[in-house]
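Geometric and topological summary
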Amino acid sequence: MKEQLEAIQVEALEKIAGTDEIKTLQEVRVAYLGKKGSLTGVLKGMGKLSKEERPVIGEIANKVRDAITAALDEKNEKLEQKALEKQLEAEAIDVTLPGKPVNQGGPHLLTSIVEEIEDLFTGMGYEVREGPEVETDYFNFEALNLPKDHPARDMQDTFYITNELLMRTHTSPVQARTMQEYQGGKSFKMICPGKVYRRDNDDATHSHQFTQIEGLYVDKNVRMSDLKGTLDVFAKKMFGEDREIRLRPSFFPFTEPSVEMDISCKVCKGAGCSVCKGTGWIEILGGGMVHPRVLEMAGYDPKEYSGFAFGMGPERIAMLKYGVNDIRAFYTNDKRFLKQYHQA
Amino acid sequence: MLVSYNWLKNYVDLGEITPEQLAEKITKSGIEVDHVTYIAEKSTNVVVGYVASCEKHPDADKLNVCQVDVGEETLQIVCGAPNVAKGQKVAVALPGASLPGDIKIKKVKLRGVESNGMICSLKELGLDPNYIPTDVADGIFVFPEETVVGESVTSLLNLDDAVLEFDLTPNRADALSMLGVAYEVAAILDQPITLPDETLNITSKESAHDVISVEVEAEDLNPYYGAFLIKDVEIKASPLWMRNYLMAAGIRPINNVVDITNYVLLEYGQPLHAFDYDRFASDKIVVRCAVDGEKITTLDDQERTLAAETLVITNGKEATAIAGVMGGANSEVVGETKNVLLEAAYFNGASIRKTVKATGLRSEASTRYEKGIDPNRVRRAGIRACNLLQQYASGTVLADVVEFDALDRSESIVEVNTNRVNERLGTEIDAPTIAAILNRLDFTFDQAGDDFTVHVPTRRGDITIFEDMLEEIARIYGYDHLPYTLPVGVAQSGGLTGRQALKRMVKNYLQGVGLMETMTYSLTNGEDISKLISPEVNEQNPQGVSLAMPMSEDRKYLRLSILPELLHTLTYNQARNQANLAFYEVGNVFISDEETLTKQPTELLRASGAVTGRWVEHPWQQEVKDVDFFVVKGIVEGLFDFLQIPVTFSPAKLADMHPGRTATLEVDGNIVGFIGQLHPTLEKALDLKATYVFDINLDVLIKKYDGEPSFSAIPKYPSIERDIAFILDDTIHAGDVQALIKEVGAPLVKQVKIFDVYQGENVEDGKKSIAYSLLYQHPDKTLKDDEVEASYQEVVESVNQRFNAYVRS
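Residues numbered from 1 in each chain as written. Chains lettered and ligands numbered in written order. Predicted model: local features only at pLDDT ≥ 70, side-chain atom pairs only at ≥ 80, totals over all residues. Heavy atoms only, no water.

- As annotated in an unreviewed UniProt entry, chain B carries the name Phenylalanine--tRNA ligase beta subunit and comes from Oceanobacillus chungangensis.
- UniProt, in its Subunit (unreviewed entry) section for chain B, records the words "Tetramer of two alpha and two beta subunits." (UniProt positions renumbered as here; feature names shortened; annotations may be inferred.)

- An unreviewed UniProt entry annotates chain A as Phenylalanine--tRNA ligase alpha subunit of Oceanobacillus chungangensis.
- Per UniProt, chain A has the following entry under Subcellular location (unreviewed entry): "Cytoplasm".
- The Catalytic activity (unreviewed entry) comment attached to chain A in UniProt states, word for word, "tRNA(Phe) + L-phenylalanine + ATP = L-phenylalanyl-tRNA(Phe) + AMP + diphosphate + H(+)".

The following block contains the structure:
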């Protein structure tokens, strides 16, 4: 019987090795290990053996069965693996095809600029204030040291609604309102962004509506050097650490001394080129020390308090930073324009 | 203000500084120089020639053959200018010369006659035709007799001069004169200044008092009036140097008398006016306000009707000039003028400003009066002009000036303390440095240690207080030398207000769901002003707020809704092949219930959106579908859900909106906006495909928004879901049923969602089936089937009773 068993093992292992389908392998399993299988058949004949032979043969039979089972399992695993690989290969897709589109909106470029500036100044402790777009003559002009018939009113062509009401020409009235609210008794830092209006014909460099951001710091002992330092921080954060600033004397009725700020030209680094009209500098904003009359009218004692103020146009900043060459583009809202600056 | 570099050299030594370098220094010190331009492009080899003979060209009617002595030789030149004549001294471009416009002069033959050069006009030499005197505009320029033959014309005609264009701020009226500019440049360069010759050698025994008197009726508007009389003038061209400077300053030379008044105007900043004394026809000057409706014909031959507040110069009977603005034609200096009455006056700036506004006339004179002139230069300018009239018009100046004089010529006194300067600037400037700066500015002062008492010259009327002096000191010291410091005072946290933060959140949400932000104009036209106004805004009976003087009818009214402008952006984009659009804007609308505004309108913050075309631009691997009502509703619902503000939608019929596809939004029973499809008629008018819009009152949302989401525990016990489908009348709104289920099912029913609406087979006509999914949950225990069943039955019963609905099996 021993020979018989060994022959079965050899035969079974050969068959297993020669099988490459799971179904056939199953048939092999049944043919040897099934109820009517050949190994089972041999084992059934064990009853006829002597007491001495039975354990010996039994042990051999077990070994044979274990060997066949192991071979079957091993082969089965291999075949299953192969079948899975085949299936996955069949499931392959063209990963270079596009994904399902997701709708993506985005902010207007001017909003991005305004928010960037807001974040920059709120980080330095400034609050953000807003005010009405339709203003009184008093807050837009008079409280800012621009009495009626003052020649400097010519600097800004105004959309009047009535003699006393107008579309604000700058966000400066928010400064006057803030100072008045604090009744001359509080030190504060604030910026005020918003829409402003001028009686201009729209062209590449003029818009009857545009945006402005102004800043105001009122305290005891505010120095002009504080303004210079603050604007330097702003310019470097907004335009790059390698940019220099230059202050020039200027005139605004609500500040004295007044300044105009230039930044060094990005293109030529100050050497002079067509972008900066050969000067090496580009005008960015205006500012100055708050005029004592303005402080006084808002209830601050100019002997005790001083302050600085500055104002800039996000359109101009956007034009310089992103090369927008026509101010009307901001208000035309061409989708292709809007989309370009969603990451700005 | 156009500043001639060569002219300026008469008052200040400019050394080796180029015009460009000077412009840079002036700009950095406070007056922006916009451009530096040159009078003419460089020309070479152009000299003065003497026309020795001039004969007709044998073969050409319009040409002359001239023999021209150019010093070293005599050249034959063929000339086409109509005014060329024997005996003239002219500008000759020699063979080999180059002229502006890249013109090279060669020896040529013109109709068979040799021509060795070219006789030039001022235009050919590169001068701006706008300022060339009219008598030589069409021909060659003729030099005065005394001009030396062979001399280069470059300096004679001031062709190498540079002109600095000043962009003056309103405070620097002092720089509207060459003298003012000279003081400024002298301070910048730390150089002394040379004043013009103001001496006057009177030989006449006759006094001006004998021929003229001055009477001023409006002393506050005209505190000084000086009348000079110059007899027997000879009207001719003014000297070449004067014509050159005038042209450089952008003024066309006319004749010596007019040119001299203009020259002194530019030199001193003091307007002067020359009357023809004989045509003035009176021995009396009366300055008064015009009679309302009074007429005058001005120098430009326009008849003008004057308002009562306009100041006029009269001869006692009729107006002969609008004071400070323009002279009258009836007393104009003309070629035959013999005797000149010269006015040097001080007019009140505000008064002149009113006149300019009323007449629309603005002149070099009025600009200076409006901005303020130097009271100490009025009489001096008159004397200077007399000096020039004596020299260049052969006039005899009568003794004395007839004056009305109530002019305040006092200087402003400003106290300056060194420490205070440093406190304000953040600098460490010492007293000697301040003294040096004051000297450079040519301001007189008394010094006591650190304290200065500054006497501000009247030419600097802009300096009246300490802060004005502070700027003067800082700018001459140099803004470049100020240190960089940061504020050391107030400690304040700063940041956005709740309202500002929420505005950003709303924008971020709308962008996140796929909308692009736009920025449109707040000003709109008469048609759009009444379109697409939200019902709760309309309820307040808003009157269109309009501008008093709009630039155009298109931008006349303040908007009452963002939507009309937003729709125009859709049309604009569609016309440019951008068909799939999803825009929103957050901004103010302006409402007032007053017909004539007496107070500011209320500004309401709104969020509006407009969507058209395909929602997904390139619908790859998904259904190709145009935007519909529910896309936009989903966005709006999402926004309210995001802000945790409950909102309900009710069907509404609104103007310009689709009557069956429009809903109002309500919060706490109040309308806060609307949503829907545009009326197809409006879509057609705007050339738009189906367009869906929303408009939401953000002020209400901001007020309502809690800002602090409250904690509610995540449920520990399992929930049970039950679906239920009702068959009900087609006219019943799904939302009403949903609301009832919520109401009846509370508190166990946590959520009711619609998952299917069906009409068709197995549902009879006029009916529909709506399927709801109900979520049951108890916070403290696991619900039992019978508890759910009881609630479920209650819901079925209620819906059945209220809506006559039955459960679809």
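Thoughts on the overall build of chain A
- Helix and strand content of chain A: 12 helices and 9 strands.
- For the C-alpha atoms alone, the extent of chain A along its principal axes is close to 135 × 45 × 45 Å.
- Of all intrachain contacts in chain A linking residues separated by at least 6 positions in sequence, the fraction that spans at least 24 positions is 67%.
- Accessible area of chain A: about 15,700 Å², with a carbon and sulfur share of 50%.
- Charged side chains of chain A number 46 positive and 54 negative; the gap between the two group centres comes to 5 Å. (Helix = DSSP H or I, 4+ residues; strand = E, 2+ residues; numbered from the N terminus. Contact = heavy atoms within 4.5 Å. Areas by Shrake-Rupley, 256 points an atom, 1.4 Å probe, with all protein chains shown as cover. Lys, Arg positive; Asp, Glu negative; His and termini not counted. Charge placed at Lys NZ, Arg CZ, Asp CG, Glu CD.)

A few points about the sheet that holds strand β37 (residues 720–729) of chain B
Residue and element names in this part refer to chain B.
- Taking strand neighbours across the sheet as the criterion, the 4 strands line up as β38-β39-β37-β40 in an open arrangement whose pairing is antiparallel. The open sheet terminates on both sides in strands that have one partner only, identified here as β38 (749–758) and β40 (806–807).
- Bridge count for β37 against β40 is 2 bridges, and the pairing is antiparallel. Looking at the pairing, Ile727 lines up with Tyr806 of β40.
- Lying over the sheet, helix α20 (residues 734–745) contacts β37, β38 and β39 (767–776), oriented at roughly 155° with respect to β38.
- Against the sheet, helix α21 (residues 785–803) makes contact with β37, β38, β39 and β40, and its axis sits at roughly 15° relative to β37, the strand it touches most. (Pairing = 2+ DSSP bridges. Axes fitted to C-alpha atoms, helices over the stretch in contact; angles between N-to-C directions.)

Focus on the side chain of A:Glu260
- Structurally, A:Glu260 can be placed in strand β7 (residues 255–264).
- Within the structure, the side chain of A:Glu260 is placed 3.0 Å from the side chain of A:Ser250, a separation counted as a polar contact.
- With residues near it in sequence (within four places) discarded, A:Glu260 still touches A:Arg246, A:Leu247, A:Arg248, A:Ser250, A:Phe252, A:Glu283, A:Leu285, A:Gly286 and B:Glu32. (Polar contact = N/O pair within 3.5 Å; in protein donor to acceptor, adjacent residues only side chain to side chain.)

Observations concerning the domain arrangement of chain B
- Splitting chain B by domain gives domain 1 (2–39 + 162–189), domain 2 (44–156), domain 3 (208–405), domain 4 (412–481), domain 5 (498–704) and domain 6 (720–807).
- The straight-line distance from the C-alpha centre of domain 2 of chain B to that of domain 5 of chain B is 72 Å. (Domains from an automatic or database assignment.)

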